[in-house]
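# Analysis of the macromolecular model
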Amino acid sequence: MSDNNLPKIKIDAMYDDIDYSFQESIKLNEDLREVIEDVYKLALLNMGKVALSNFHLKYIEMFDKLVNKSENNQELYNLSSSLSSSINSYFLNLNSNLYIKDKTELIKLKNILEVSLILMEGVIEDNDVDLAYESFFQIKRRIKKGNFYKKPITS
């Protein structure tokens, strides 16, 4: 990892611990299986939201680092400020509407975020503003393709 200190999002370790705990809870309380499974799904969703929020913060930090590294930082600051509200709005909307039904989807989300963190490292190392915006559009596309938004309610 480069000197930009972007940590990996460690969902795997969190999941392994919680997965074991919920399996043991079901063994001990078989008649509460449905309730435990609902809580388990909520825990997976919350883990996804934590990972997404951490990623959102790293994205904001990436722009701060770009502005600080840039020789023409006022122009870059103005550009990033103008787009930051739409980028922040996207992440807040995604966080509110995140849909994760199982471990596989949580791992898919983790992989998308980790690939995007790798792109961020390149953005900072190369001081490449265009790549910063490209990484945002790439994550939007991958999130949409992964169907991580709540499913529409049907009557």
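Read on for a plain summary of the structure. Model, not experiment: these values are computed from the prediction.

### Comments concerning the overall build of the protein
Of regular secondary structure, the protein possesses five helices and zero strands. When the helices and strands of the protein are placed in sequence order, the string is α-α-α-α-α. Expressed as a percentage of the 155 residues in the protein, the buried residues total 39%. When the accessible surface of the protein is summed, it comes to about 9400 Å², and 53% of that surface belongs to carbon and sulfur atoms.

### Here's the deal with the nonpolar core
Counting 36 residues, the largest nonpolar core has Phe55, Tyr59, Met62, Phe63, Phe91, Ile139 and Ile143 as the members making the most contacts within it. Broken down by element, the residue count for this core peaks at 13 residues, all from helix H2 (residues 33–69). If sequence neighbours within four positions are ignored, phenylalanine 91 has contacts with Leu52, Phe55, His56, Tyr59, Phe136 and Ile139.

### Regarding the packing of aromatic side chains
Using the criterion set out here, one finds nine aromatic pairs in the structure. Taking the centre distance of 5.2 Å and the plane angle of 65° together, the rings of phenylalanine 22 and tyrosine 40 count as edge-to-face. Within this pair, whereas phenylalanine 22 is found in helix H1 (residues 11–28), its partner tyrosine 40 is found in helix H2, the two being separated by 18 residues in sequence. Centroid distance tyrosine 90 to phenylalanine 91: 5.4 Å. Interplanar angle 70°. Geometry classified as edge-to-face. For the pair tyrosine 90 and phenylalanine 91, a shared accessibility class is recorded, and that class is buried. Taken together through their ring pairs, the aromatic side chains of Phe55, Tyr59, Tyr90, Phe91, Phe136 and Phe137 make up a single cluster.

### Focus: the pattern of salt bridges
Should their charged atoms come close, side chains of opposite charge can pair. For the structure on display, the rule yields six salt bridges. For the salt bridge of lysine 58 with glutamate 61, the shortest nitrogen-to-oxygen distance reads 3.1 Å. Here glutamate 61 and lysine 58 lie together in helix H2, a separation of three residues that amounts to about one turn. Classification of glutamate 61 as partly exposed rests on a relative accessible area of 26%. Each member of the salt-bridge network shares a partner with another, and the members are Glu30, Arg33 and Glu37.

So, how was this worked out
Residues numbered from 1 in each chain as written. Predicted model: local features only at pLDDT ≥ 70, side-chain atom pairs only at ≥ 80, totals over all residues. Heavy atoms only, no water. Helix = DSSP H or I, 4+ residues; strand = E, 2+ residues; numbered from the N terminus. Buried < 20%, exposed > 50% of the residue type's maximum accessible area, 1.4 Å probe, protein only. Areas by Shrake-Rupley, 256 points an atom, 1.4 Å probe, with all protein chains shown as cover. Core = buried A, V, L, I, M, F, W, Y, C linked by side-chain atoms within 4.5 Å. Contact = heavy atoms within 4.5 Å. Phe/Tyr/Trp six-rings, centres within 6.5 Å; stacked < 30°, edge-to-face > 60°. Salt bridge = Lys/Arg side-chain N within 4 Å of Asp/Glu carboxyl O.

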